[in-house]
Amino acid sequence: MTAFILVSGMFTGTHIWQDTVARLTTVGAEVHTVALTGLDGPRADGDRAVDLETHIADVLAVVDSVGAAEDGRIVLVGHDYGIHPAVGAADRRAERIGRIVYLDSGLPRDGVPALAAVPDQSLRDRLAATAATAATDGVGGADAARAVLPPPALDEWARWGSTVGVPDAALDRLTALAAPQPLGTLLQPLRLTGAVDPVPTTGVLCTGNGTSIELVQMLVRLGDPALRPLTDPRVTFFELPTGHWPMLSCPAELTDVLLRAAAGEGHRLEPVDDAAGPGHLQPFLMDVPDVPRERHGNVDLYLPDAEEARPAVVFVHGGPVPADARPTPRDWPGLTGYARCVAGDGAVGVLLDHRLHDLGDYERAAADVAAAVELTRADPRVDGDRIVLWFFSGGGLIAADWLDAPPAWLRCLAATYPVLAPLPNWGLSDTRLRPARAVANAGDLPVVLTRVGLEMPEIAATVDEFLAAAKDRGADVEVIDVPNGHHGFETIDVTDESRAAVRHAIRAVLGHAFGPGTRPGTGAGTP
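Note that this is a predicted model, so its numbers are computed, not measured.

## Quick look at the overall build of the chain
Okay, step 1: Scanning the chain for helices and strands turns up 17 helices and 16 strands.
Okay, step 2: The C-alpha atoms of the chain give a radius of gyration of 25 Å, which matches the 24 Å a tight globule of 527 residues would have.
Okay, step 3: Based on the C-alpha atoms only, the size of the chain along its principal axes is roughly 80 × 50 × 40 Å.
Okay, step 4: Each of the 527 residues in the chain was classed as buried or not, and the buried ones make up 54%.
Okay, step 5: Within the chain, contacts between residues at least 6 apart in sequence are counted, and of these 78% link residues at least 24 apart.
Okay, step 6: As presented, the chain carries roughly 21100 Å² of accessible surface, and 51% of it is formed by carbon and sulfur atoms.
Okay, step 7: Each charge class in the chain can be summarised by its mean position, and for the 42 positive and 70 negative side chains these summaries are 2 Å apart.

Below is the structure:
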């Protein structure tokens, strides 16, 4: 008989698992829930702070109380914050744990506090400020650890995770039973010895909260070494088409997934082929001219063969991209291919490395883009009154500033497989960077949008939202469809359809950049 131990997340207790426990028990599983001190268990006395170690001890007490299952192992399930004490306990009882299930949670790392996994950037900032205040008001860090974070009000739960699919009655009960979160549980760094590393794992991704297997696979292909372990054959994945609270929105489906995870089932990611390299570093899908490149700090200029000032197209890469990724985006074949194409057609191609290394970096990335635009416009070889901004993938959010108040010199805004609204689990509820809203103020600014037919659903939804808003406001949007194209199609879908879409997009963009009566080519010697 399989033994499950279920660990709840922030503000919640054992009550959240009620339906899941009943269903697992019905099929013969042994099930235990963990009462976390200060959330569901008794609050520690005033002489002892409640921190992450307290909750790890709570989990360990349940692990040690469980009799050996038939295989001598336990399936340990951590939801949301609960994955941190779960992994911490598994590191100390690795021989007892048969599998860890990450239920719509982050990836805890040694030395990193759970605060880093709080999805909303503004909430992270607020928590850090609360901790600093508690520490200065008392005698030191212990007072900060004794502080608590009030639970969300009924209308605030979405800031902690999508409530898609949760019935109103269940959300009311969640609110009524919510407990303050001891702040020390979020501030104390997790300490791991590495003993947990060989334990098999399963990730259960809730697509309504903005994560999918396809998205994780794409991030793995980008070459982030921190994600490479996810391709280990001992790691499996499942998806649930719901928000962040599947035990409330779809307990039957969650029960089935947990049973299948315990049996070692699930999707396995494709490992990166080190010989071939990741998809984004494959060659551009067209031959491109060899044009001069100048490097100015974090900005590269690809220069046409011209004596007079020419329009410029500034390409804005997506992300987040790890800070130590090499090569950096301005040397990725797909982006250099576009820049060489437009330079071959008589415009200045501009590439930059901006600092979107984490979801909390959008503001500084937007500032980098604005600085690159000013550098470009100031160059005497550039016609500063004829500029195009072209955004890709996760860089699409930065387009909001330019849509909201288009300057007179911005002749066109282009976007290719863009993200045009923050995904639910990105924690950007307070950001101004929402192109799907900003397009209402775009006026007559031409927009050229390249849409791929095989886009990840969570990203495609943001494009649909943008296009609906653009239609309502009568915005000038030209859509170029690539029905059989994937995200990043310029290097992974080398087809005539893909080439035609790139040529079409470049013609449209340069047509707006140069103005009426011009007929730019394609930068690849093709009519």
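## Details of the pattern of salt bridges
Okay, step 1: Here the structure, examined in full by the defined rule, presents 22 salt bridges.
Okay, step 2: As a salt-bridge pair, glutamate 294 and arginine 381 come within 2.7 Å of each other at their nearest N and O atoms. Placement of the pair is glutamate 294 in strand E9 (residues 293-296) and arginine 381 in the loop between helix H12 (362-378) and strand E13 (382-392), with a sequence separation of 87 residues.
Okay, step 3: Residue arginine 381 is classed as partly exposed on the basis of its relative accessible area of 32%.

## Notes on the packing of aromatic side chains
Each pair of aromatic rings is reported with the distance of its centres and the angle of its planes.
Okay, step 1: Taken as a whole and assessed by the stated rule, the structure comprises 14 aromatic pairs.
Okay, step 2: Taken together, a centroid distance of 6.3 Å and an interplanar angle of 40° make the contact between phenylalanine 315 and phenylalanine 392 tilted. Pair noted here: phenylalanine 315 is in strand E11 (residues 310-316) and phenylalanine 392 is in strand E13, with a separation of 77 residues, a long-range link. For the pair phenylalanine 315 and phenylalanine 392, a shared accessibility class is recorded, and that class is buried.
Okay, step 3: These aromatic residues form a ring-pair network of at least three members: Phe284, Phe315, Tyr338, Trp390, Phe392, Tyr417 and Phe489.

## A closer look at unusual backbone geometry
Okay, step 1: A cis amide bond, omega 5°, links glycine 319 with the succeeding residue proline 320.
Okay, step 2: Checked against the element boundaries, proline 320 lands in the loop between E11 and helix H11 (333-344).
Okay, step 3: Along the chain, arginine 326 connects to proline 327 via a cis peptide bond; the corresponding omega equals 0°.
Okay, step 4: Checked against the element boundaries, proline 327 lands in the loop between E11 and H11.
Okay, step 5: Within the chain, aspartate 104 stands out as a residue other than glycine whose phi angle is a positive 45°.
Okay, step 6: Tracing the sequence through the fold places aspartate 104 in the loop between strand E4 (97-103) and helix H4 (121-137).
Okay, step 7: For aspartate 104, a relative accessible area of 8% puts it in the buried group.

## Some details on the sheet that holds strand E12 (residues 348-352)
Okay, step 1: Strand order in the open sheet formed by eight strands is E9-E10-E12-E11-E13-E14-E15-E16, and the pairing between neighbours is mixed. Each edge of the open sheet is held by one strand with a lone partner, namely E9 and strand E16 (477-482). Sheet twist, expressed as the average angle between the axes of neighbouring strands with direction ignored, equals 20°.
Okay, step 2: Of the pairings in the sheet, the one linking E11 to E12 comprises four bridges and is parallel in character. Residue pairing for E12: alanine 312 is matched across the bridge by valine 348.

## Observations regarding helix H2 (residues 52-65)
Okay, step 1: Here H2 contains 14 residues, and its C-alpha end-to-end distance of 20 Å stays within 8% of the 20 Å for a straight helix at 1.5 Å per residue.
Okay, step 2: Among the residues of H2, Leu52, Thr54, His55, Ile56, Asp58, Val59, Leu60, Val62 and Val63 are the ones counted as buried.
Okay, step 3: For H2, the N-terminal cap is aspartate 51; the gap from its side-chain oxygen to the backbone nitrogen of glutamate 53 is 3.1 Å.

## With respect to the nonpolar core
Okay, step 1: Residues Phe4, Val77 and Ile100 are the most contacted members of the largest nonpolar core, which totals 70 residues.
Okay, step 2: With six residues, the single largest contributor to this core is H2.
Okay, step 3: In this structure, valine 77 is in contact with Phe4, Ile5, Leu6, Val7, Trp17, Val101, Leu103 and Leu258, ignoring residues within four places of it in sequence.
Okay, step 4: Core analysis: the next-biggest nonpolar cluster, separate from the first, contains 53 residues, Val350, Val369, Ala399 and Trp426 among them.

## Comments concerning the pairing of E13
Okay, step 1: In terms of residue burial, E13 counts as a mostly covered element, since eight of its eleven residues are buried.
Okay, step 2: Here six bridges tie E11 to E13, and the two strands are oriented parallel to one another. Following the sheet pairing, valine 314 is matched in E13 by leucine 389.

## Considerations on the packing of helix H1 (residues 18-26) against helix H10 (residues 251-262)
Okay, step 1: Contact geometry for H1 and H10: axes closest at 9 Å, N-to-C directions at 55°. With respect to each other, H1 and H10 are oriented oblique. Our pair here, H1 against H10, has a crossing hand that is right-handed. Counted together, Asp19, Thr20, Arg23 and Leu24 of H1 and Pro251, Ala252, Leu254, Thr255, Leu258 and Leu259 of H10 form the full contact between these two elements.
Okay, step 2: Considering only residue class, the contact of H1 with H10 consists of six nonpolar, two polar and two charged.

## Examining the side chain of threonine 12
Okay, step 1: Positionally, threonine 12 belongs in the loop between strand E1 (3-7) and H1.
Okay, step 2: In this structure threonine 12 comes out as buried when scored by relative accessible area, which is 1%.
Okay, step 3: Residues contacting threonine 12, with those up to four places away along its chain left out, are Leu39, Leu174 and Trp245.

## Description of the sheet that holds strand E7 (residues 201-206)
Strands in a sheet are paired, the pairing made by backbone hydrogen bonds, and the direction either parallel or antiparallel.
Okay, step 1: Strand order across the open sheet formed by six strands is E2-E1-E3-E4-E7-E8, with parallel pairing between neighbours. Looking at the sheet topology across the chains shown, the edges are occupied by strand E2 (30-33) and strand E8 (235-240). Direction aside, neighbouring strands of the sheet carry axes that sit 20° apart on average.
Okay, step 2: The pairing of E1 with E2 spans four bridges and is parallel. Of the residues in E2, the one forming a bridge with alanine 3 is glutamate 30.
Okay, step 3: Against the sheet, helix H8 (residues 213-221) engages E7 and E8, with an angle of about 140° to E8.

## A look at the packing of H2 against helix H3 (residues 83-92)
Okay, step 1: Across the interface, H2 lies against H3 with an axial gap of 8 Å and an inter-helix angle of 60°. The handedness of the crossing between H2 and H3 is right-handed. Mapping the contact onto sequence places Leu52, Glu53, His55, Ile56, Val59 and Leu60 in H2 and His84, Pro85, Ala86, Gly88, Ala89 and Arg92 in H3.

Rules behind the numbers
Residues numbered from 1 in each chain as written. Predicted model: local features only at pLDDT ≥ 70, side-chain atom pairs only at ≥ 80, totals over all residues. Heavy atoms only, no water. Helix = DSSP H or I, 4+ residues; strand = E, 2+ residues; numbered from the N terminus. Rg over C-alpha atoms; globule rule 2.2 N^0.38 Å. Buried < 20%, exposed > 50% of the residue type's maximum accessible area, 1.4 Å probe, protein only. Contact = heavy atoms within 4.5 Å. Areas by Shrake-Rupley, 256 points an atom, 1.4 Å probe, with all protein chains shown as cover. Lys, Arg positive; Asp, Glu negative; His and termini not counted. Charge placed at Lys NZ, Arg CZ, Asp CG, Glu CD. Salt bridge = Lys/Arg side-chain N within 4 Å of Asp/Glu carboxyl O. Phe/Tyr/Trp six-rings, centres within 6.5 Å; stacked < 30°, edge-to-face > 60°. Pairing = 2+ DSSP bridges. Axes fitted to C-alpha atoms, helices over the stretch in contact; angles between N-to-C directions. Expected span 1.5 Å × (residues − 1). Polar contact = N/O pair within 3.5 Å; in protein donor to acceptor, adjacent residues only side chain to side chain. Core = buried A, V, L, I, M, F, W, Y, C linked by side-chain atoms within 4.5 Å. Parallel < 35°, antiparallel > 145°, perpendicular 65-115°, else oblique. Left-handed = near helix turned anticlockwise from the far one by under 90°. Nonpolar A, V, L, I, M, F, W, Y, C, P; charged D, E, K, R; others polar.

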